[in-house]
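Results of the structural survey
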Amino acid sequence: MTEKKHENHTLDPENWDEIRALGHQMIDDLVNYWQGIREEPTWKPIPEEIKSTFDTVVPKQGLAPAQVYEQFKTTIFPYNKGNVHPRFFAWIQGTGNPMGVWGDLLASGMNPNVAIGEHAPMYVDQQVVSWCKEIMGFPENSSGILVSGGSMANITALTVARNSFRDREIRKKGLQQTAEKLLIYCSVETHSCIQKAAEIIGLGTDAVRKIGVNKHFEMLTDELEDQIRMDISEGFTPFCIVGTSGTVNTGAIDPMEKLLSLSKKYDLWFHVDGAYGALCKLDPIYSDRLKAIEEADSLAFDLHKWLYVPYEVGCTLIRDKKKHRDSFAVNPNYLLQESRGLAGGLDSINNYGFELSRGFKALKVWMSLKEHGLEKYRKMIAQNNRQAEYLAELVKSEPLLELTAPVSMSITCFRRIEPGFSEEQLKELNREILLRLQESGIASPSSTILNGKYTFRIANVNQRTRFEDMDLLVKEVLRIGHEILKTESF
Ligand SMILES: *Cc1c(COP(=O)(O)O)cnc(C)c1O
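Residues numbered from 1 in each chain as written. Predicted model: local features only at pLDDT ≥ 70, side-chain atom pairs only at ≥ 80, totals over all residues. Heavy atoms only, no water.

With that out of the way, let us pick up the nonpolar core. Met-136, Leu-224, Ile-241, Leu-279, Leu-299, Phe-301 and Trp-306 are the most contacted members of the largest nonpolar core, which totals 98 residues. Both domains that furnish three or more residues to this core are identified here as domain 2 (112-359) and domain 3 (375-487). If sequence neighbours within four positions are ignored, Ile-241 has contacts with Tyr-185, Leu-224, Ile-228, Leu-259, Leu-262, Ser-263, Leu-268, Trp-269, Phe-270 and His-271. Counting residues in each nonpolar core, the second largest holds 22 residues, with Phe-89, Ile-442, Met-470 and Leu-473 among its members. (Core = buried A, V, L, I, M, F, W, Y, C linked by side-chain atoms within 4.5 Å. Buried < 20%, exposed > 50% of the residue type's maximum accessible area, 1.4 Å probe, protein only. Domains from an automatic or database assignment. Contact = heavy atoms within 4.5 Å.)

Following the sequence through the fold, Glu-70 ends up in helix α3 (residues 65-75). For Glu-70, a relative accessible area of 43% corresponds to the partly exposed category. (Helix = DSSP H or I, 4+ residues; strand = E, 2+ residues; numbered from the N terminus.)

Let us look at the site of the ligand. Around the ligand sit 13 residues, and of these Gly-150, Ser-151, Asp-273, Asp-302 and Lys-305 come closest. Between the ligand and Asp-273, the relevant distance is 2.7 Å, taken from a nitrogen atom to a side-chain nitrogen or oxygen of the residue. Separating an oxygen atom of the ligand from a side-chain N or O atom of His-304 is a distance of 2.9 Å. For the ligand, the protein covers 85% of the area, taking 380 Å² as the surface of the free molecule. (Near = heavy atom within 4 Å. Polar contact = N/O pair within 3.5 Å; in protein donor to acceptor, adjacent residues only side chain to side chain. Areas by Shrake-Rupley, 256 points an atom, 1.4 Å probe, with all protein chains shown as cover.)

With that out of the way, let us pick up the packing of helix α5 (residues 120-136) against helix α13 (residues 362-396). Here α5 crosses α13 at 50°, and the two axes come no closer than 9 Å. Between α5 and α13, the crossing angle belongs to the class labelled oblique. The element α5 and its partner α13 pack so that their crossing is left-handed. Contacts between α5 and α13 involve Val-124, Asp-125, Gln-127, Val-128, Trp-131 and Ile-135 from the former and Ala-362, Leu-363, Val-365, Trp-366, Leu-369, Lys-370 and Leu-374 from the latter. Considering only residue class, the contact of α5 with α13 consists of 10 nonpolar, 1 polar and 2 charged. (Axes fitted to C-alpha atoms, helices over the stretch in contact; angles between N-to-C directions. Parallel < 35°, antiparallel > 145°, perpendicular 65-115°, else oblique. Left-handed = near helix turned anticlockwise from the far one by under 90°. Nonpolar A, V, L, I, M, F, W, Y, C, P; charged D, E, K, R; others polar.)

The next subject is the sheet that holds strand β10 (residues 411-416). Overall, mixed pairing links the 5 strands, which are arranged β1-β11-β12-β10-β9 in an open sheet. Taken across any chain shown, the strands that pair with only one partner, and hence form the sheet edges, are β1 (88-89) and β9 (401-403). Along the sheet, helix α14 (residues 423-439) makes contact with β10, β11 (444-450) and β12 (453-459), crossing β12 at roughly 30°. Its contacts with the sheet place helix α15 (residues 467-487) against β1, β9, β10, β11 and β12, and it is angled at close to 20° to β10. (Pairing = 2+ DSSP bridges.)

Moving on to the pattern of salt bridges. One pass over the structure, following the stated rule, counts 34 salt bridges. Its salt-bridge partner being Arg-209, residue Asp-231 comes within 3.0 Å of it at the nearest N-O pair. Here the residue Asp-231 occupies a position in helix α9 (residues 221-233), and Arg-209 occupies one in strand β4 (residues 208-211), the gap between them amounting to 22 residues. Assigned by exposure class, Asp-231 and Arg-209 land together as buried. (Salt bridge = Lys/Arg side-chain N within 4 Å of Asp/Glu carboxyl O.)

To continue, consider the domain arrangement of the chain. You can read the domains of the chain as domain 1 (16-41 + 44-80), domain 2 (112-359) and domain 3 (375-487). Using C-alpha coordinates to define each centre, domain 1 is positioned 38 Å away from domain 2.

This paragraph deals with the packing of aromatic side chains. If you walk through the whole model with that rule in mind, you get 10 aromatic pairs. For the pair Tyr-69 and Phe-72, a centre-to-centre distance of 5.7 Å together with 15° between the ring planes defines the contact as stacked. One end of the pair, Tyr-69, and the other, Phe-72, are both in helix α3, 3 residues apart, so they sit about a helical turn from each other. On the basis of relative accessibility, which here comes to 9%, the residue Tyr-69 falls in the buried class. (Phe/Tyr/Trp six-rings, centres within 6.5 Å; stacked < 30°, edge-to-face > 60°.)

Within strand β3 (residues 182-187), 6 of the 6 residues are buried, which leaves it mostly tucked inside the rest of the structure. Of the two faces of β3, the one carrying Leu-182, Ile-184 and Cys-186 and the one carrying Leu-183, Tyr-185 and Ser-187 are both buried. Judged from the 4 bridges that link them, β3 and strand β5 (residues 237-244) form a sheet pairing that is parallel. Residue pairing across strands places Leu-183 opposite Pro-238, the latter belonging to β5. As paired strands, β3 and β4 are joined by 4 bridges and run parallel to one another. Opposite Cys-186, over in β4, you have Lys-210 as the bridge partner. In the classification by handedness, the crossover that spans β3, the intervening helix α8 (residues 192-200) and the parallel β4 is right-handed. (Right-handed = clockwise from strand over helix to strand, strands pointing away.)

This is the structure we're talking about:
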């Protein structure tokens, strides 16, 4: 017998000093990265030979920690998406903030599973949810849960809406037993995650009634009411209105008060998708228009967008705590709650959502809010809105630029125009400008199509952007436009 009988294996380092030094190095590298990010390109293409390093078989033998980190530094770190950069404006993607990153580091180091049990992270999670309620003006006795993001937050809310529909015991019987054909109402500008959610919760795409919008891209409430009436007369059962506070395309705000009163009139669940824009409530210029959020039955919003917390974290709030809990709570033997000890403490969080195992995502929110305070966030969000308005003013003052949507919240949509060009030519010109902006690393806007016009879309939930970045953007759009027209024919 040569085999050693009780050999102890572990993943902890043989040399703690080495792992400590490497950790310090990582922190230094990150801080240098943030500090110097403004001077770096927003984005750069990934060379093929780098991509091929991500196409190997699973490593069978380990490497020294320093070697692993070296691989990260050469193949991953330089090819980031760029949403940490002050001139990243694509889609709607938050910048993160240093304290939030430390929060994630500490959360990962503590590594609690924040679902059940008596431990401080459960109280931090509860604290953050209650701050979310306070920020959104939801009542203290409402409930909520932190989830991975807006899509999960929306489906969580719509599941509660569906499960608590009248007394149909949908949770137990499914939709098979309900004679009603349940319908959800939202606008054509609503985020695609609402449709996906409707499909997953068993309603199907056909159950999503997409209502038209006005020239500000806001839901037409007359059309909504006509549709509801028509559907009722045809034997359907409207059960939920989804209003968007800040559409993904243009930042449009559906008429919240009106949607709320229609929900009451027809006894429907009123859900608000505020993934991007609910936090805009903090900007005094928008707070009135977003006031009705406080009356919604449920609200979904992201903290990784406009609270600038690192990915991922979103939140669902539900006005009626009982309906929320009744939608998800199950008590198997292996998850029994105790009155004392490790299994004591707060109500398990999996009673309020689908997931059981959950990370300590609350910590990065808790630490960020503690460090900066809500008043600072109010300023930051207002600043993004003012920057979007400032950009629109710059666009209006340039005869070769055209605003393609009214500015709402922090999204500015515009394009380069050229006398005599057809829509198709304009699209090609603007596409080329956009690609060169991105590929040269000057700025990263994205695009959309509004009323048939191909358009740059500058969505700003960036805590590093300065007003002069908008000047630069306009200057570069014009410069690249001229350069293209000199050398390319359309
Ligand atoms: C971003 C967004 C979503 C999706 O949120 P994720 O966090 O990306 O899952 C849904 N609705 C709106 C309005 C959004 O802006």
